[in-house]
Amino acid sequence: MSAVPGGLTTPEITVVGSLNMDVRLTVDRIPRSGETISATGLKRSPGGKGANQAVAAARLGRRVAMVGAVGDDDAGREITARLVAEGLDVTSVAVSEHPTGTAVILWEQPESTIVIEAGANADVDESFVDSRDSAVRAVTDAPVVLCQCETPLGSLAAVTRLATGTTILNPAPAIPVPAEIRDRFDVLVPNRFELATLAGADEAPESLADVVAMVRGLAFPGDVVVTLGADGSVVVPRDGLPTPVPAVRVDAIDTTAAGDSFCAALADGLLRGEDLVGAARWAARVAAVTTTRDGAIESLPLADEVPAALP
Ligand code: ADP
């Protein structure tokens, strides 16, 4: 474990990303425009793709640094306390003048429909990263840096400029990340809808052959892992043949954070020296366990809760 100024240890994984308070309403169906319906349940918990991926990696045993922002409000304090309790380095979690990001989730088990107010997450741009020594160090020194698209594109640009380790982009939620930023990452991990958005396609690819063709059409210079929900994932290396990785069969009750735990476990596997296919197999196991549990952060497993052989 190497020491850095300030007495902290160098992270193994740095996550630059969002911190939200999730407000989840359980619904029987999504209301029509203008309609009011009753929820059958309410759950409020820390979330955001950045927080989910950071906590997922910490629970797999990694030293994780979080770069992000919360508001000067109860939600922000609750999220930060939670990250600390999970063992994360929060030196680079700033307190913004904007409110903590909020996600309103309409949960029709097992799928969700989500509306996000970015709030403080919108502060996390290129100058946010550049102006904080702790953030620059965390991004520069970590062997793996994980990003998503719930913070401004400038944060991604800063990461690709500063990072010396492996950079992984989970381009979620689906936005058309410009090629000049996207192509500077080492690994892309989209789901099929995010892949279609990156490719400028109207419809998500259905068959494995269509997925692979769409990936090849991106001409991404690095490796791509496309997640396919209950159909597993496919590893499309920059050179070489694509390898499908099956999902692990489980009774999924809530797929929230499946993609987040997949990305964190992929990073964990790569750090262990696995190749991308090996890391994706491990990620499939971790993500499968996540889908058998309710909630986002609460559903993320510890490494020893992921059985070597799931049914
Ligand atoms: P996202 O949540 O980002 O859309 P996916 O739905 O593709 O991501 O899920 C990510 C990974 O989680 C999949 O590649 C798969 O390994 C696992 N997964 C998702 N849904 C299920 C499921 N119903 N059963 C087992 N594994 C699942």
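Note that this is a predicted model, so its numbers are computed, not measured. (Residues numbered from 1 in each chain as written. Predicted model: local features only at pLDDT ≥ 70, side-chain atom pairs only at ≥ 80, totals over all residues. Heavy atoms only, no water.)

### Thoughts on the state of the cysteines
Next up, step 1: Scanning the model with the defined rule gives 0 disulfides in all.
Next up, step 2: Left without a disulfide partner, Cys149 is nearest to the cysteine sulfur of Cys147, which lies 8.5 Å away.
Next up, step 3: Cysteine Cys263 remains unbridged, with the sulfur of Cys149 as its closest cysteine sulfur at 11 Å. (Disulfide = S-S within 2.5 Å.)

### Quick word on the environment of Leu266
Next up, step 1: In this structure, Leu266 sits in helix H9 (residues 258-271).
Next up, step 2: Take Leu266: its relative accessible area is 0%, and that puts it in the buried class.
Next up, step 3: Distance from Leu266 to Ser127, taken between C-alpha atoms, is 28 Å for residues 139 residues apart in sequence.
Next up, step 4: Those residues in contact with Leu266, other than ones at most four positions away along the chain, are Val187, Val189, Val225, Leu276, Ala279, Ala280 and Ala283. (Helix = DSSP H or I, 4+ residues; strand = E, 2+ residues; numbered from the N terminus. Buried < 20%, exposed > 50% of the residue type's maximum accessible area, 1.4 Å probe, protein only. Contact = heavy atoms within 4.5 Å.)

### Things to note about the site of the ligand
Next up, step 1: Near the ligand lie 16 residues; those nearest to it are Asn191, Thr227, Gly229, Gly232 and Val248.
Next up, step 2: Between the ligand and Asn191, the relevant distance is 2.9 Å, taken from an oxygen atom to a side-chain nitrogen or oxygen of the residue.
Next up, step 3: The separation between an oxygen atom of the ligand and a polar main-chain atom of Gly259 is 3.3 Å.
Next up, step 4: In isolation the ligand exposes 550 Å². Once the protein is present, 84% of that is buried. (Near = heavy atom within 4 Å. Polar contact = N/O pair within 3.5 Å; in protein donor to acceptor, adjacent residues only side chain to side chain. Areas by Shrake-Rupley, 256 points an atom, 1.4 Å probe, with all protein chains shown as cover.)

### Notes on the sheet that holds strand S3 (residues 41-47)
Next up, step 1: One open sheet holds the 4 strands; their spatial order is S3-S2-S6-S7, and the pairing between them is mixed. With partners counted over all chains shown, the strands left at the sheet margins are S3 and strand S7 (111-117), one partner each. Mean inter-strand twist for the sheet, computed between neighbouring axes without regard to direction, equals 20°.
Next up, step 2: Of the strand pairs in this sheet, strand S6 (residues 101-108) and S7 are connected by 7 bridges, and their pairing is antiparallel. When the sheet's bridge partners are listed, Glu108 is paired in S7 with Glu111.
Next up, step 3: On top of the sheet, helix H2 (residues 74-85) reaches strand S2 (20-26) and S3; it is set at about 65° to S3, its chief contact. (Pairing = 2+ DSSP bridges. Axes fitted to C-alpha atoms, helices over the stretch in contact; angles between N-to-C directions.)

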